[in-house]
Amino acid sequence: MSLPERQITYGEAVREAIAEEMRRDGTVFFMGEDVAVAGGVFKVTVGLLDEFGEDRVRDTPISEAGIMGAGVGAALTGMRPIVEIMFGDFITIAMDQIVNQAAKMCYMTGGQASCALTIRTTIGAGRSSAAQHSQSLQAWLSHIPGVKVAIPSTPADLKGLLKTAIRDDNPTVIYEDKMMYGLKGPVPDVEDYTIPFGVADIKREGSDVTLVATSSMVHTALKAADELEREGISAEVVDPRTLSPLDMDTIVRSVEKTSRAVVIDEAYQSYGVTGELASRIADEAFDYLDAPVKRLGAMDVPVPFSPGLEPQTIPDEEKLVRTVQGLFHDVPV
Amino acid sequence: MSESLELITTSSDEGTLPLPEPLCREIYEKMLTIRRFEEAVLEVYTQGLMRGLAHLYIGQEASAVGICSALNDDDYLTSTHRGHGHLIAKGGKVDRMMAEMMGKVDGYNRGKGGTMHIADMSLGILGANGIVGGGMGMATGAALSGKMRGTGQVAVCFFGDGAINQGAFLESANLASVWSLPVLFVCENNHYGEYTAAKDVTAVREHVAERAAGFDMPAMVVDGNDAVAVHQTAVEMVERARAGEGPCLIENKTYRYRGHHVGDGDPEKTYRTQEETDTWLAKDPIPRFARRMMKAGMVDEAELESIDTTITKRVEDAVAFANESPYPEAGEVTDHVFA
Ligand SMILES: Cc1ncc(C[n+]2csc(CCOP(=O)(O)OP(=O)(O)O)c2C)c(N)n1
Ligand SMILES: [Mg+2]
């Protein structure tokens, strides 16, 4: 049975999720830099101030550590704050509050404390924003026990995961790709559409190779899969949707079927998401593999400004197609 | 507006004790409990029964107790690595604290936090903290939460002279002030951060509290070894905060009589002088308060002794309780990663 659907953008999904949860639960509030009057630098939260007022939709000073700390304190004391960090690059400034405080409160207090903090922030290169406004730092918080991490690739996933995050009693982070705010897609038109964390989604079925892709790279993988189809290679695209918890079952089942896997993620390739996923696949699906697990991440360079330089640093469908071909023939990769 | 630029130096008149007797007894007993508790911590640590780091609060008791005696049970508090005193002052139970310090299952945090992370959410104690300045944002957020929920709760943020130089202070103080949040920023200036003199690393004319002027909030410099002065200041500032008039910065000038942590050598042989320490020992908050209670006819020597006996026994019982409590089962290691 398929659900009734509407087409909305990735950005509208953010707004709908926040608005619906704020209507549902009076303890939910939203704060960040320029999020209220201006509706955010990406304009995705326009209208929230009008509906909910300035007590619950707050423009903050430019103080990432301060507002994250305030979010932690409010979350420990009965509120459900949503804190926006405008660019994911700036989350580095709030790291102590997330990593050393929020993530550990429940554990360190022996279960006394819970911290229902939702953090929204952005990732993604591709708009010539240079090295401090383009990074995909999702590996950083995925590394931390006690934090849940979602990395939605579609409007529907964003809406469903963000609503789940807001209801979760733990610190959660939603990484939104800033290049996708205008992306349109179907969203189930039902009341209370949520998606559980830890459930991967097969974005395209296939039988010859598994492409495990995150966020914008899901779309790259889907395009690559079309291309590969023309060459007679049937690619399955698996989107983990959340990095922590991670649904390895779905990935392993896919590899069992296809015997080959390539992992693609927009973060720097070294010590990142692709490394973790590839090692888990090599470990947990070893018996099914007919070829080494390959991975594609961003080049290990600060993201360059120039349109002449930036595109090559990000994994793209051409590189992905070549990588997959290499698993079947001796194509130099 | 002009209020924010004024530094109020508070030091109460030694001759009088203008607080009701039950409150004085409570203040005295809490201060003495902290002292005896910390002495017990020193002992168990030295005996090897406690691991990790023990940052003793000995000498600073009037600060924690003076402030917390102005709070309600449901008010919030964030603490520091030197947090035992704050916890006891807010009502923390010494047996569960001691068990936590030994990593035992009956500890406040089931042995998962230890000395630097003890919390009692039911008492609004959001935790000691291993990060210098780590509680500032949290206290600000707790105050925001209280304000949004309309409960009238205030939050007290204890921190040291070292923490005033953390960026978190600027961000939290500004946020608290611009949103008029009920936070008392309480700087316990014990004049050293680890082994470095505050005056060598802190750009103020004389008082750390001068920094408050930059945040349009009132500041008080208080004799932090005088429980009465601290208490009276706190009462006034708590009332102001509850009335929605916003945060303040209270600087309690005090001194830790021991080293930065147990086992790190003799401070008087390295970074501070015996004369300086002696000056502060003469201002020991506990005998000072006892003398005033006696002068006011509230207690006599014999009663002081019996109070001490009772407290000492309670602390001994806490140590026994902690010793008897088992370590958590190994399987608990994966509990509580998530709520
Ligand atoms: C962010 C951070 N930096 C450094 C330390 C190491 N450290 C622990 S306590 C301390 C001194 C703190 O001094 P102060 O704030 O004056 O508190 P006091 O120890 O005097 O109570 C330092 C540097 C730490 N725990 N956290
Ligand atoms: Mg100090």
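Before reading further, recall that the structure is shown in the block above.
The structure displayed is predicted, hence computed values, not measured ones. (Residues numbered from 1 in each chain as written. Chains lettered and ligands numbered in written order. Predicted model: local features only at pLDDT ≥ 70, side-chain atom pairs only at ≥ 80, totals over all residues. Heavy atoms only, no water.)

(A) Examining the overall build of chain B more closely. Within chain B one finds 12 helices and eight strands. At 19 Å, chain B has a C-alpha radius of gyration in line with the 20 Å of a compact globule built from 339 residues. Burial statistics for chain B: of 339 residues in total, 59% are counted as buried. Of the contacts made within chain B by residues no fewer than 6 positions apart, 75% connect residues no fewer than 24 positions apart. Counting every atom, chain B has about 13,100 Å² of accessible surface; 51% of that belongs to carbon and sulfur. In chain B, 31 positive and 50 negative side-chain charges are present, and the distance between their average locations comes to 2 Å. (Helix = DSSP H or I, 4+ residues; strand = E, 2+ residues; numbered from the N terminus. Rg over C-alpha atoms; globule rule 2.2 N^0.38 Å. Buried < 20%, exposed > 50% of the residue type's maximum accessible area, 1.4 Å probe, protein only. Contact = heavy atoms within 4.5 Å. Areas by Shrake-Rupley, 256 points an atom, 1.4 Å probe, with all protein chains shown as cover. Lys, Arg positive; Asp, Glu negative; His and termini not counted. Charge placed at Lys NZ, Arg CZ, Asp CG, Glu CD.)

(B) Structural view of the site of ligand 1. Residue and element names in this part refer to chain B. Taken together, 15 residues sit near ligand 1, with His81, Arg82, Gly162, Asn190 and Tyr192 positioned nearest. Here asparagine 190 contributes a side-chain N or O atom positioned 2.8 Å from an oxygen atom of ligand 1. Protein burial of ligand 1: of its 580 Å² of free accessible surface, 73% is covered by the chains. In the shell around ligand 1, the residues fall into four nonpolar, eight polar and three charged. (Near = heavy atom within 4 Å. Polar contact = N/O pair within 3.5 Å; in protein donor to acceptor, adjacent residues only side chain to side chain. Nonpolar A, V, L, I, M, F, W, Y, C, P; charged D, E, K, R; others polar.)

(C) Main features of the interface of chain B and chain A. Taken residue by residue, the interface counts 32 residues in chain B and 41 residues in chain A. Buried surface at the junction of chain B and chain A, summed over both partners, amounts to about 3,000 Å²; 66% is from carbon and sulfur atoms. Considering only the side of chain B, the residues that lose the most area to chain A are B:Met148, B:Glu171 and B:Phe338, jointly responsible for 21% of the buried surface there. Connecting chain B to chain A are zero salt bridges. The interface formed by chain B and chain A contains 18 residue pairs in polar contact (both at pLDDT 80 or more). Of all elements in the fold, only α6 (136-149) and α7 (167-178) of chain B reach the threshold of two or more residues within the side of chain B that touches chain A. A total of eight residues in the side of chain B that touches chain A trace back to one element, the largest contributor, which is α6(B). Class assignment of the residues belonging to the side of chain B that touches chain A gives a composition of 16 nonpolar, 10 polar and six charged. (Buried area = accessible area lost by both parts, 1.4 Å probe. Salt bridge = Lys/Arg side-chain N within 4 Å of Asp/Glu carboxyl O.)

(D) Region of the structure containing the sheet that holds strand β1 (residues 7-10) of chain B. All names here are of chain B. With respect to topology, six strands assemble into an open sheet ordered β1-β7-β8-β4-β3-β2, the strand pairing being parallel. The open sheet has two free edges, formed respectively by β1 and β2 (76-78), since each of these has just one partner strand. Looking at each pair of strands side by side, their axes are set apart by 20° on average, direction ignored. Both strand β3 (residues 155-160) and strand β4 (residues 183-189) contribute to a ladder of six bridges, which runs parallel. Residue alanine 155 lies in a different strand from β4, and its bridge partner there is valine 183. Packing of α7 onto the sheet brings it into contact with β3, β4 and β8 (248-253), and relative to β4 it is tilted by some 145°. (Pairing = 2+ DSSP bridges. Axes fitted to C-alpha atoms, helices over the stretch in contact; angles between N-to-C directions.)

(E) Spatial organisation of the pattern of salt bridges. Residue and element names in this part refer to chain A. Using the criterion set out here, one finds 45 salt bridges over all chains in the structure. A salt bridge links lysine 159 to glutamate 16; the shortest N-O distance between them is 2.8 Å. Here lysine 159, found in helix α6 (residues 155-167), pairs with glutamate 16, found in helix α1 (residues 10-24); they are 143 residues apart in sequence, far enough to count as distant. One salt bridge in this structure joins aspartate 169 and arginine 80, with 2.4 Å as the shortest N-O distance. Remark: arginine 80 occurs in strand β4 (residues 80-85) and aspartate 169 occurs in the loop between α6 and β7 (172-177); sequence separation between them is 89 residues. Judged by its relative accessible area of 35%, aspartate 169 falls in the partly exposed class. A network of salt bridges, in which partner residues are shared, links Arg6, Glu16, Glu20, Glu21, Arg24, Lys159, Lys163, Arg167, Asp189 and Asp192.

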